[in-house]
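Fold and contact review
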Amino acid sequence: MSKGTSSENLRTELKNLADTLEEVLNSTADKSKSELDRLRQKARVVLDTSRERLSDSSEYLAQTTREVAQKADSYVRENPWHGVGIGAAMGVVIGILISQR
């Protein structure tokens, strides 16, 4: 699952969920019981699908974060002075940004 595809799918799912819930909320006053039951069922399916996709996305994000952290850790252990230099450079940049406020 690529990052772009994952975020696109998530946006699509959330939009679909919002549209379905909006349809349910806007049409509750003038719908028959069978139509309301159908809308509730549709909303439940969309909600369950969205929850599943969000869970999948969060698992993917957590796994990617762990991999990046492991790679960074390995790099710093293999090149400690590079790590110190990168940390110092980041500190200088952050210091400059903070002091400009």
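So, how was this worked out
Residues numbered from 1 in each chain as written. Predicted model: local features only at pLDDT ≥ 70, side-chain atom pairs only at ≥ 80, totals over all residues. Heavy atoms only, no water. Helix = DSSP H or I, 4+ residues; strand = E, 2+ residues; numbered from the N terminus. Contact = heavy atoms within 4.5 Å. Axes fitted to C-alpha atoms, helices over the stretch in contact; angles between N-to-C directions. Parallel < 35°, antiparallel > 145°, perpendicular 65-115°, else oblique. Nonpolar A, V, L, I, M, F, W, Y, C, P; charged D, E, K, R; others polar. Patch = residues over 30% accessible without salt bridge, like charges linked within 9 Å, V, L, I, M, F, W, Y side chains within 5 Å. Areas by Shrake-Rupley, 256 points an atom, 1.4 Å probe, with all protein chains shown as cover. Salt bridge = Lys/Arg side-chain N within 4 Å of Asp/Glu carboxyl O. Buried < 20%, exposed > 50% of the residue type's maximum accessible area, 1.4 Å probe, protein only. Expected span 1.5 Å × (residues − 1). pLDDT = per-residue confidence, 0-100.

**A look at the environment of Arg53**
Relative to the helices and strands, Arg53 is located in helix α2 (residues 33–78). Along the backbone, Arg53 and Glu13 are 40 residues apart, and their C-alpha atoms lie at a distance of 7.8 Å. Beyond its immediate stretch of four places on either side in the chain, Arg53 contacts Asn9 and Glu13.

**So, the packing of α2 against helix α3 (residues 80–99)**
Interhelical geometry of α2 versus α3 gives an angle of 115 degrees and a closest axis separation of 5 Å. The angle between α2 and α3 places the two elements in the roughly perpendicular class. Facing α2, whose interface residues are Tyr75, Val76, Arg77 and Glu78, α3 presents Pro80, His82, Gly83 and Ile86. Residue composition of the contact of α2 with α3, grouped by class: four nonpolar, two polar and two charged.

**Quick notes on a nonpolar patch on the surface**
The grouping of Tyr75, Val76, Ile86, Met90, Ile94 and Ile98 at the surface amounts to a nonpolar patch, some 570 Å² of accessible area in total. Of all the elements in the fold, those that place two or more residues in the nonpolar patch are α2 and α3. The biggest single contributor to the nonpolar patch is α3, with four residues. Residue Ile98 is classed as exposed on the basis of its relative accessible area of 58%.

**Examining the pattern of salt bridges**
What the rule picks out here adds up to two salt bridges. Notably, a salt bridge pairs Asp48 with Arg44, separated by 3.8 Å at the nearest N-O pair. Here Asp48 pairs with Arg44, and both are found in helix α2, just four residues apart, close to one helical turn. Asp73 serves as the salt-bridge partner of Arg77, at 3.0 Å between the closest nitrogen and oxygen. Here the residue Arg77 and the residue Asp73 both occupy positions in helix α2, the gap between them amounting to four residues, near one helical turn. For Arg77, a relative accessible area of 65% puts it in the exposed group.

**Points about α2**
Given 3.6 residues per helical turn, the α-helix brings residues three or four places apart onto the same face. Compared with an ideal rise of 1.5 Å per residue, which puts 46 residues at 68 Å, α2 spans 67 Å between its outermost C-alpha atoms and is within 8% of the ideal. Residues of α2 that are buried: Leu36, Leu39, Ala43, Val46, Ser50 and Ser57.

**Here's the deal with the confidence of the model for the chain**
On average, the chain scores 80 in pLDDT, and the residues at 70 or more come to 88%. Here helix α1 (residues 3–26) stands out as the least confident element of the chain, with mean pLDDT 73; α3 is the most confident, with 90.

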